[in-house]
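Summary of structural features
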Amino acid sequence: MSKINTNNVYQRKKLKFPIAESHGLSPRSKWLRDYYFKGLDREWNNQFMPFTTGTDWDIIFSEGDYYITPELYYYIQVLGKNDKGVFASSFRSMAIIVDLPDYFWELSLSERRAKFFEKVMLDYIPQEIISKNDLIAGGRFNTQLSKCFNQEEAKEYWKKNIRNREALFKFHRSGFGNLGATPGHIIPDYETIVMKGFKYIYEKARQTYDKLSEDEKSGAKGGELRAMMISAEIPKKLAKKYAEECRKLKNETKNPERIEELELMAKNLEKVPWAPAETFWQGVQAIWLIHMLVMAEESYPGAGLSFGRIDQYLWDLYKKDVIEQKIITKEFAKEILGSFWFHCNTVYDAMIRAGKQGITSSLGQIVTLSGCGPNGEDLTNELTYTMIEILDSWYPSLEPKPNIRLHRNSPDKLLDILVEIIARSQGSPFILNFDERSIAGMIEEGIPKEDAWNYGVVGCLENTMQGNDRSGTVNCNPNLTKSIELTLWNGQNMPKNDITTKPGEQLGPETGNPENFQTWAEFFNAWKEQIKFIIKHTVDINNLCEELRGDFIRTPYLSSLVRGCIEQGLDITNGGPELRFVTIEGVGFATTVDSLLSIKKLVYEDKKYTIAQIKDAIMNDFKGSEVMQTFLKNKSPKYGNDEDDADELARLAMEAWAQECWKYKTPTNYQFRPGMLSWNYWAGTDARYTIATPNGRNKGSFLSNAICPTDGADIKGPTAVTNSVGKVLGGKSGTGDYFNYLPNGASHTITFNPSNIKDPEHKEKFKAYLRGYIENGGTALQVNMLDAEMLRDAQKHPENYKNLLVRVTGYNAYFTAIGRELQNEIIARESHRI
């Protein structure tokens with residue numbers, strides 16, 4: 001990897017603190033990156049385009065897709081119970097009416113969706129090559145598509161939708177968290193398309209259909225397979241239209257080099273994605289075209305839709321073209337990837353008018369790089385390093401998000417490069433995944449050991465298998481801290497409560513008045529019953545959403561790309577994939593654990609306070625009980641300091657809620673599993689509805705973030721935090737085998753000051769820290785390189801820091817575009833030394 005000229009890395013204008021910027025880009029890639037960051041000043045963008053069947057009853061916007069984003073609830077329901085909401089009514093009024101065939105309403109729902117999707121993509125959305133610098137075809141894909149319901153289906157759907165909305169809003173406003181049946185967050189079978197082409201998928205669907213009985217052909221299974229066959233031909237037809245556009249531009253172009261490029265692009269599109277890719281360029285083109293079609297069909301731009309181990313399944317093509325036959329240079333391969341990087345970022349155009357490059361900075365199209373093979377051998381290759389160069393030179397940018405898998409046999413060369421990038425970064429340019437712990441989790445959920453090594457990552461850091469697995473990795477986000485409130489008040493909301501709905505309402509089971517408990521065991525057993533209730537309550541409400549999606553939402557194109565759906569003749573929304581999970585992502589773990597530790601220590605061991613006194617202080621948000629609050633914060637053990645007693649209680653708490661998840665399934669035969677992501681709920685919507693807690697936290701203030709310790713509680717350094725994280729996930733056996741309660745993975749963000757790893761000695765120490773994390777830590781680590789003084793200056797002078805990225809939890813965001821409270825939380829994080 002070439003040495004970086006830091007004069008090019010940092011902005012040259014005189015600032016109090018230098019800001020990282022892109023570097024080492026070719027003129028073509030620099031133009032594409034600069035063009036993207038023009039935002040609304042571009043003459044082209046990829047904003048949402050809504051389309052309708054034109055019926056009075058048509059439904060376009062699927063509000064259930066966004067139930068996991070409570071910030072949007074106001075726009076979903078403004079005027080009352082039956083309100084369609086701002087988004088739904090706006091898309092409906094803007095929608096383009098699609099001219100449908102006469103037989104359209106005689107088709108099954110899945111076939112209607114396939115035909116509608118085909119018509120929109122081929123005849124209504126223009127096929128554009130973005131600029132003279134673009135090497136990858138595939139421009140507009142951000143859609144809002146009709147659900148294609150007939151009148152009876154629309155009526156039944158809306159009736160159940162209102163039921164779900166009421167139940168979910170109460171769940172959230174009662175402080176339980178949020179949930180919903182969410183699209184994206186999957187790795188489709190892109191590898192098969194690169195290796196075998198979409199023709200293979202079409203033939204598989206046709207052969208499966210031909211084997212059906214006549215009754216099956218006329219039934220639901222036949223309709224699903226016909227829809228998948230229609231969908232499987234859309235990429236071929238769309239690629240043909242893009243090839244025609246390339247030739248049209250070729251005839252208008254005078255630049256000989258661009259004429260040759262456009263002809264090669266046309267020839268690529270005449271081959272892929274219908275046939276197997278024969279060149280690296282074709283492989284990248286195939287992946288992008290089929291990827292953008294998934295986003296278009298789901299009307300869900302990018303969130304969690306990920307590429308899997310792209311450096312592995314493109315490696316043979318790269319090796320042949322760049323290294324062995326030298327058909328293209330490495331620099332041209334990087335330009336192909338640069339075009340791919342550009343297109344990935346255009347997902348944010350969907351909501352480009354809502355703020356800095358979109359409403360959030362967390363869509364999470366993950367590329368999984370490096371990692372081990374079936375026998376623990378390292379699979380890092382030259383394409384891995386090339387892609388790391390791309391992410392480094394394009395940074396700061398948002399997509400695609402790289403996740404780099406590390407393991408015991410990761411080479412020093414790889415770690416040296418990663419540490420070098422981390423040392424000069426701001427925010428966190430990539431997430432590190434740790435194979436041994438992650439693979440243990442995949443095995444825990446039933447994946448055979450001979451397959452589990454080949455897992456990929458979606459969204460932020462969520463572990464799934466590739467091409468045959470939908471794990472609903474952000475669908476359920478219960479606030480674990482609610483269990484403390486329910487335990488203290490015998491299953492009721494806290495009385496005198498101005499935060500959640502109906503003070504004193506009986507929500508959980510009656511586990512006894514804890515003021516009468518004589519022992520810690522009684523209190524902890526009552527807590528375990530309440531945490532079990534929270535998991536079951538989460539499942540029950542979420543299953544309303546899963547049932548509605550399974551009954552009414554059809555995505556035959558995506559289904560054709562997920563193994564199991566064709567074989568079973570079932571849509572992905574209705575139980576089609578070979579592997580089917582819904583993840584319950586626990587929120588506020590350390591807040592919960594530290595509250596338990598405070599009660600155990602100060603009530604039952606030291607007998608300094610009574611439960612009645614704790615409850616009274618919490619009801620008054622510690623006003624008049626400031627001394628007690630100080631004791632709760634500072635005089636009881638805290639998770640995150642490698643203290644065995646505290647970490648053992650944390651492990652027992654983890655085990656209690658995580659194991660409960662495995663008891664339940666959805667009506668569509670998806671298995672619930674545990675994970676720990678938290679996204680931004682701990683800092684916003686969930687925290688807002690959480691009363692004061694016995695660890696000394698005030699009501700409405702931030703909860704703990706995923707598996708991280710409570711802010712400021714981890715006072716013994718990064719190694720101690722790492723050891724605590726590994727222990728609460730299950731630790732290791734006496735023979736060194738890893739345990740992992742959370743197969744989805746657990747988000748761990750840790751902050752260092754950039755000055756701590758500037759010199760070679762400290763870089764070596766940091767590399768040793770990463771080796772230690774492989775042995776003793778968790779599943780995923782985000783390293784935030786932040787100077788608190790710089791962030792404070794950014795608050796005062798945001799105009800100087802527009803492109804300053806920070807790691808929030810599993811995602812990066814522009815520091816100046818997030819709220820003041822979240823900015824302050826990031827500044828307050830403990831900055832560790834190596």
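Note that the coordinates shown come from a computational prediction; the quantities given were computed from them, not determined experimentally.

Quick notes on the rules
Residues numbered from 1 in each chain as written. Predicted model: local features only at pLDDT ≥ 70, side-chain atom pairs only at ≥ 80, totals over all residues. Heavy atoms only, no water. Helix = DSSP H or I, 4+ residues; strand = E, 2+ residues; numbered from the N terminus. Rg over C-alpha atoms; globule rule 2.2 N^0.38 Å. Buried < 20%, exposed > 50% of the residue type's maximum accessible area, 1.4 Å probe, protein only. Areas by Shrake-Rupley, 256 points an atom, 1.4 Å probe, with all protein chains shown as cover. Patch = residues over 30% accessible without salt bridge, like charges linked within 9 Å, V, L, I, M, F, W, Y side chains within 5 Å. Salt bridge = Lys/Arg side-chain N within 4 Å of Asp/Glu carboxyl O. Core = buried A, V, L, I, M, F, W, Y, C linked by side-chain atoms within 4.5 Å. Contact = heavy atoms within 4.5 Å. Lys, Arg positive; Asp, Glu negative; His and termini not counted. Pairing = 2+ DSSP bridges.

**Digging into the overall build of the protein**
The helix and strand inventory of the protein stands at 32 helices and 18 strands. Over its C-alpha trace the protein gives a radius of gyration of 26 Å, about what one expects of a compact globule, namely 28 Å for 834 residues. Principal-axis analysis of the C-alpha atoms places the extent of the protein at approximately 85 × 65 × 55 Å. For the protein, the residues scored as buried account for 65% of the 834 residues in total. Here the protein displays about 29200 Å² of accessible surface, and carbon together with sulfur accounts for 49% of that area.

**Structural notes on a nonpolar patch on the surface**
On the surface, Tyr74, Tyr75, Val78, Leu79 and Val86 cluster together to form a nonpolar patch covering roughly 510 Å² of accessible area. Note that valine 86 resides in helix 4 (residues 85–94). The exposure class of valine 86 is partly exposed, given its relative accessible area of 34%.

**Re the nonpolar core**
Soluble globular proteins tend to pack their nonpolar side chains together in the buried interior. Ranked by internal contacts, the top residues of the largest apolar core, which has 252 residues, are Phe280, Ile310, Leu314, Phe589, Met654 and Trp657. With sequence-adjacent residues up to four places away left out, isoleucine 310 is seen in contact with Ile287, Phe340, Val367, Thr368, Leu369, Leu383 and Met387. Counting ten residues, the second largest nonpolar core, distinct from the first, contains Ile366, Cys372, Val457 and Met465.

**Regarding the pairing of strand 13 (residues 671–675)**
With five of five residues buried, strand 13 is to be regarded as a mostly interior element. Burial along strand 13 is two-sided: Gln671, Arg673 and Gly675 facing one way and Phe672 and Pro674 facing the other are all buried.

**Looking at the side chain of arginine 33**
Mapped onto the fold, arginine 33 is located in helix 2 (residues 27–36). For arginine 33, which is buried and forms no salt bridge, the nearest opposite charge comes from aspartate 34, at a distance of 4.7 Å. Those residues in contact with arginine 33, other than ones at most four positions away along the chain, are Ser22, Leu25, Trp394, Tyr395, Pro396 and Ser397.

**Looking at the sheet that holds strand 1 (residues 49–52)**
Judged by pairing direction, the sheet is parallel, and its three strands sit side by side in the order 2-1-3 without closing on themselves. Strands at the two margins of the open sheet, each flanked by one partner only, are strand 2 (96–97) and strand 3 (143–145). Direction of pairing for strand 1 relative to strand 3: parallel, over a ladder of three bridges. Bridge pairing in strand 3 links methionine 49 to threonine 143.

**Some points on unusual backbone geometry**
With glycine set apart, most residues show a phi of negative sign, and most peptide bonds adopt trans. In this structure, proline 396 follows tyrosine 395 across a cis peptide bond, with omega equal to 5 degrees. Within the secondary structure, proline 396 is located in the loop between helix 16 (382–394) and strand 6 (401–406). Non-glycine residue aspartate 621 carries a positive phi angle of around 55 degrees. When you line up the elements, aspartate 621 lands in the loop between helix 25 (611–619) and helix 26 (626–634). Here aspartate 621 falls in the buried class, since its relative accessible area comes to 12%. For alanine 706, which is not glycine, the phi dihedral falls at a positive 55 degrees. On the secondary structure map, alanine 706 appears in the loop between helix 28 (685–688) and helix 29 (718–728).

**Some words on the environment of arginine 247**
Structurally, the position occupied by arginine 247 is in helix 10 (residues 220–252). Separated by 19 residues in the primary sequence, arginine 247 and alanine 266 place their C-alpha atoms 6.6 Å from one another. Setting aside residues no more than four positions away along its own chain, arginine 247 makes contact with Glu263, Ala266, Lys267 and Glu270.

**Some thoughts on the side chain of lysine 147**
For lysine 147, the location among the structural elements is in the loop between strand 3 and helix 6 (151–173). Here lysine 147 sits buried without a salt bridge, and the closest side chain of opposite charge, aspartate 65, lies 5.8 Å off (N-O distance). Not counting chain neighbours up to four residues away, the residues in contact with lysine 147 comprise Asp58, Ile59, Ile60, Phe61, Ser62, Leu109, Arg113 and Ile553.

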